[in-house]
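Spelled out from the first residue to the last, the chains are:
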Amino acid sequence: MAHPCFLVEWYRPEPGQEALAETAAKLNECAAAVSAEGAPVRLVTMFSVPPDEMSFALFTADSVDAVAQACGQAGIPPDRLTFAAGLGSPDDD
């Protein structure tokens, strides 16, 4: 069975493409560390909306706590962290 998805939101100035890539790498590293401790969590994607000074990340995890822990270890606790329901892709039948 697939892990639930969680949407993380940060409301701060857009860090620029290079900084966004570095942040995603740090989140990946911390997600792997949390997973190694027994709470599976994986960063699926991260993106920003520069005009609105917002960044988003989508994670899969068994719990919201695992996502919060990974973000906290990365030094960027979420401004908002919510369950993401109804996810799919155009290829899903």
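Anything mentioned here points back to the structure above.
These figures come from a predicted structure and were not determined experimentally.

Caption draft 1: Spotlight on the pairing of strand S2 (residues 41-49). In the sheet, S2 pairs with strand S3 (residues 54-61) via eight bridges, with the strands oriented antiparallel. Among the inter-strand pairings, methionine 46 is bridged to a residue of S3, identified as alanine 57. In this antiparallel pair of consecutive strands, S2 and S3, the connection spans four residues, and glutamate 53 shows a positive phi of 50°.

Caption draft 2: Structural view of the sheet that holds S3. Spatially, the four strands line up as an open sheet ordered S2-S3-S1-S4, and their pairing is antiparallel. The open sheet has two free edges, formed respectively by S2 and strand S4 (80-84), since each of these has just one partner strand. In this sheet, adjacent strand axes meet at a mean angle of 20° when their direction is disregarded. Both strand S1 (residues 5-11) and S4 contribute to a ladder of five bridges, which runs antiparallel. In the sheet register, phenylalanine 6 faces S4, and the bridge partner there is phenylalanine 83. Where helix H1 (residues 17-36) meets the sheet, it contacts S1, S2 and S3, and its direction lies at approximately 160° from that of S2. Running over the sheet, helix H2 (residues 64-73) touches S1, S2, S3 and S4 and is turned about 40° from S1.

What counts, and where the lines are drawn
- Residues numbered from 1 in each chain as written.
- Predicted model: local features only at pLDDT ≥ 70, side-chain atom pairs only at ≥ 80, totals over all residues.
- Heavy atoms only, no water.
- Pairing = 2+ DSSP bridges.
- Helix = DSSP H or I, 4+ residues; strand = E, 2+ residues; numbered from the N terminus.
- Axes fitted to C-alpha atoms, helices over the stretch in contact; angles between N-to-C directions.
- Contact = heavy atoms within 4.5 Å.

Without other data, these values stay purely geometric and don't point to any function.
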